[in-house]
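Coordinate inspection notes
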Amino acid sequence: MCGVVGFIGSENTAEILFNGLKTLEYRGYDSAGLALCQNNSFHILKAVGKLENLLREMQKNTSLDATMGIGHIRWATHGAPSLANAHPHISNDGKTVLVHNGIIENYKELKADLSAKGYRFSSDTDTEVAVVQIEDELKSAASFPQAVRQAMQKFRGAFAFLIMNKDNPQMLVAAKRNAPLLVGRGEKGMMAASDVPALAGHVSKFAYLDDDELALLSPQGMVFQNAQGSVFTKPLQVLSLSQEALSKNGFDHFMLKEINEQPAIVRSLLQRFLVQGKIVMPSFNLSAQEIENLTKIEIVACGTSLHAATVGKYVIEELADIPVEVEAASEYIYRKHPKNNNILLIGVSQSGETADTISAVKLAKQRGAHVLVLTNREDSSLVRFADSVLGLNAGLEISVAATKSYTAQLMMFYLLALYLTQERKTQQHDVLQKLQKNLMAVPVQMEEILADTKSVQRCAEKYAKAQDFIYVSRGVNVATALEGALKLKEISYINANAYPAGELKHGPIALLDEKMPVLSVLMPGSPNYDKLLSNSQEAKARHARLIAVTSARDKNLKSLFDDVLQVPEVPEILSPLTANIPLQLLAYFMANKLGRDVDKPRNLAKSVTVE
Ligand code: AGP
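The paragraphs below set out a description of the structure included in this document.

A count of helical and extended segments in the protein gives 19 helices and 27 strands. Oriented by its inertia axes, the alpha-carbon framework of the protein measures out at about 75 × 55 × 45 Å. Per-residue burial over the protein gives 60% buried out of 611 residues. Of the contacts formed within the protein by residues at least 6 apart in sequence, a portion of 71% connects residues at least 24 apart. A total of about 23700 Å² of accessible surface is found on the protein, and carbon and sulfur atoms cover 48% of it.

So, in structure tokens, the structure goes:
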């Protein structure tokens, strides 16, 4: 999604803004732009495509030496990626310039009113309407910030704005509602941005703006105003993002670095929640009695988080004996929910900024559900609607394709299921003890997989030319198949579909021939294993090329499957934690082999802040 960055101070503004935008690249974008204020005039540079194209524009303008500026990466929503639609947008009188992350939902009405007043528009964006609205408000407002506040009262939707006005060359206005925006103080000046990485290296202390707040940045400091214009103080926090978190640390891609971080993440979650043989969750604010009284759990999420939720459903139902419904957040919001008390609603989101998940959580809250949020960003918008929060603590995930956050979500669901089971006493003590012991072995087992990736690499080389892929499994690993197929689609652009294996014969089998690879995730120790073997035989009989991800040491597998990706033995219920790693690696190596932009796949955004 879009990202904004702004700077006012004594350093080379263009460079700071460009580097800031670089750190926001992970959000996904298709055009970029800067507005620099120098000697009281604006210089606007824009480019379609990657930031390197914007850099070329900057190199043509090397004489620019601004001390204030704003920058933007745009992920097209209203209008195609083009120079006209790229931000910054400028008012009709050329005096106000603005960048925006979010969507002004009522922009059509506002545009009609402004057009009737004689204003003209040169883009298809909602953002241009915002800057022209501020221009119009400036006619009646006593000050630039007041004009922004007046305009904000007319906007519906989400926005994080950075705004400059020629008549106020020492002021950069930051304002927001329903979209994240941070402001920070550094030695060389003040900065604002959509996310923490853009501030790193320039700012020592920062604060998150709350909805309908403004920050007025000057080279010397910042002043906070509320929606009424009253000035208030806001505590600043120390910016502690390490350079290591922002670097690839010797790996070729962030995705590969993040895949390799997974054992450590699992280990630290275990250390945090498993204390002397008991699961402790102090930030889960339901009493034992309330947990006992739960009649249903609903889980809402999108994409990869939805797949983690699917594992969560399986594990909670299996262990804690509570009915669980999992639903795509985008569907949850648009249907009727029968009245039901004693519901726990779990919202799962890596970023905590996914608009669909936020809307679903808000709806559930209105219905009176206790809202538990599982997120990797405890500073995110989603957390504001939570009654309880379980932080994933997976560290900043930069690759657009989620990997380590998925593993952290899975782990959190195992811990939560164990906690609910412990509180509801639905399993024997030794069952829980055994599962805890098995979970503690997982980090080392993950390390084993990561220590030797040659067989996955060979497999990737062999199948990289495939046009389509089918992933199948049964039981808890249907989610693994879904997530593996999503990963492959996202970063290699190969069409990959996942099914419960039993569904193959009800339609998808028609697709099978010698060109179609079918990947099965099959773990011994349950009836699923034998059933999956039969389903694989059926695929083989249609000449499909078969790949197995399995912990089985069965020699016969070699005669049925063309390739076998071996994982260590774990109880089937925990196998999504290990089986997923070869699938992440397979997608990674295939995408790499095809020369794809692994960390920044086309059309995708890291946090999807539109519904
Ligand atoms: C994951 O690889 C995807 N990029 C995407 O499906 C993602 O999981 C989805 O947009 C949800 O994001 P969230 O977890 O930040 O809410």
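Turning next to the site of the ligand. Taken together, 14 residues form the shell around the ligand, and within it Ser305, Ser349, Ser351, Thr354 and Glu490 come nearest. Between an oxygen atom of the ligand and a side-chain N or O atom of Ser349, the distance comes to 2.6 Å. For the ligand, an oxygen atom lies 2.8 Å from a polar atom in the backbone of Ala402. Alone, the ligand offers 410 Å² of accessible surface; in the complex the protein occludes 91% of this. Within the residue set of the shell around the ligand, elements represented by two or more residues are α10 (303-320) and α16 (478-492). Among the elements that take part in the shell around the ligand, α10 stands out by supplying three residues, more than any other. A breakdown of the residues in the shell around the ligand according to their chemical character gives five nonpolar, seven polar and two charged.

Take the packing of α10 against α16 next. At a minimum axis distance of 9 Å, the contact between α10 and α16 shows a crossing angle of 165°. One element, α10, and the other, α16, form an angle in the roughly antiparallel class. Handedness of the crossing formed by α10 with α16: left-handed. Touching Gly303, Thr304, His307, Thr310 and Val311 of α10 are Ala479, Leu482, Glu483, Leu486 and Lys487, all from α16. Of the residues assigned to the contact of α10 with α16, the class counts are four nonpolar, four polar and two charged.

We now examine empty space enclosed by the protein. Any empty space left between atoms is shown by rolling a water-sized probe over those atoms. Overall, the coordinates contain two cavities of 30 Å³ or more when judged by the stated rule. There is about 60 Å³ of room inside the largest cavity. Along the walls of the largest cavity sit Cys2, Arg74, Trp75, Thr77, His78, His87, His100, Gly102, Thr125, Asp126 and Thr127, which together make up its complete lining. Mapped by element, the contributors of at least two residues to the lining of the largest cavity are β6 (96-104) and α4 (126-138). By volume, the second largest cavity is sized at about 30 Å³. Together, Leu319, Tyr414, Leu418, Leu435, Leu439 and Leu574 line the second largest cavity. Where the lining of the second largest cavity is concerned, the elements lending two or more residues are α13 (404-424) and α14 (429-451). Of the residues that constitute the lining of the second largest cavity, the class distribution is six nonpolar, no polar and no charged.

Our focus in this paragraph is the packing of helix α15 (residues 454-463) against helix α19 (residues 576-593). To describe two helices that pack against each other, one gives the angle between their axes and the distance between the axes. Their axes nearest at 8 Å, the elements α15 and α19 cross at an angle of 50°. When the interaxial angle is binned, α15 and α19 end up oblique. In terms of crossing hand, the pair formed by α15 and α19 is right-handed. Contacts from Val456, Gln457, Cys459, Ala460, Glu461 and Tyr463 in α15 reach Pro582, Leu585, Leu586, Phe589, Met590 and Lys593 in α19. Class assignment of the residues belonging to the contact of α15 with α19 gives a composition of nine nonpolar, one polar and two charged.

Moving on, we come to the packing of aromatic side chains. A full pass over the atoms with the stated rule returns nine aromatic pairs. A centroid spacing of 5.9 Å and a plane angle of 75° characterise the contact between Phe155 and Phe159, whose relative ring orientation is edge-to-face. Just as Phe155 is buried, Phe159 falls in that class too. A connected cluster of aromatic rings, assembled from ring pairs, spans Phe155, Phe159 and Phe161.

Reading the values: rules and limits
- Residues numbered from 1 in each chain as written.
- Predicted model: local features only at pLDDT ≥ 70, side-chain atom pairs only at ≥ 80, totals over all residues.
- Heavy atoms only, no water.
- Helix = DSSP H or I, 4+ residues; strand = E, 2+ residues; numbered from the N terminus.
- Buried < 20%, exposed > 50% of the residue type's maximum accessible area, 1.4 Å probe, protein only.
- Contact = heavy atoms within 4.5 Å.
- Areas by Shrake-Rupley, 256 points an atom, 1.4 Å probe, with all protein chains shown as cover.
- Near = heavy atom within 4 Å.
- Polar contact = N/O pair within 3.5 Å; in protein donor to acceptor, adjacent residues only side chain to side chain.
- Nonpolar A, V, L, I, M, F, W, Y, C, P; charged D, E, K, R; others polar.
- Axes fitted to C-alpha atoms, helices over the stretch in contact; angles between N-to-C directions.
- Parallel < 35°, antiparallel > 145°, perpendicular 65-115°, else oblique.
- Left-handed = near helix turned anticlockwise from the far one by under 90°.
- 1 Å grid on protein atoms, 1.4 Å probe; cavity = no way out; pocket = protein on both sides within 12 Å on 5 of 7 lines; lining within 4 Å.
- Points joined across faces, edges and corners; volume = space filled by probe spheres on them.
- Phe/Tyr/Trp six-rings, centres within 6.5 Å; stacked < 30°, edge-to-face > 60°.

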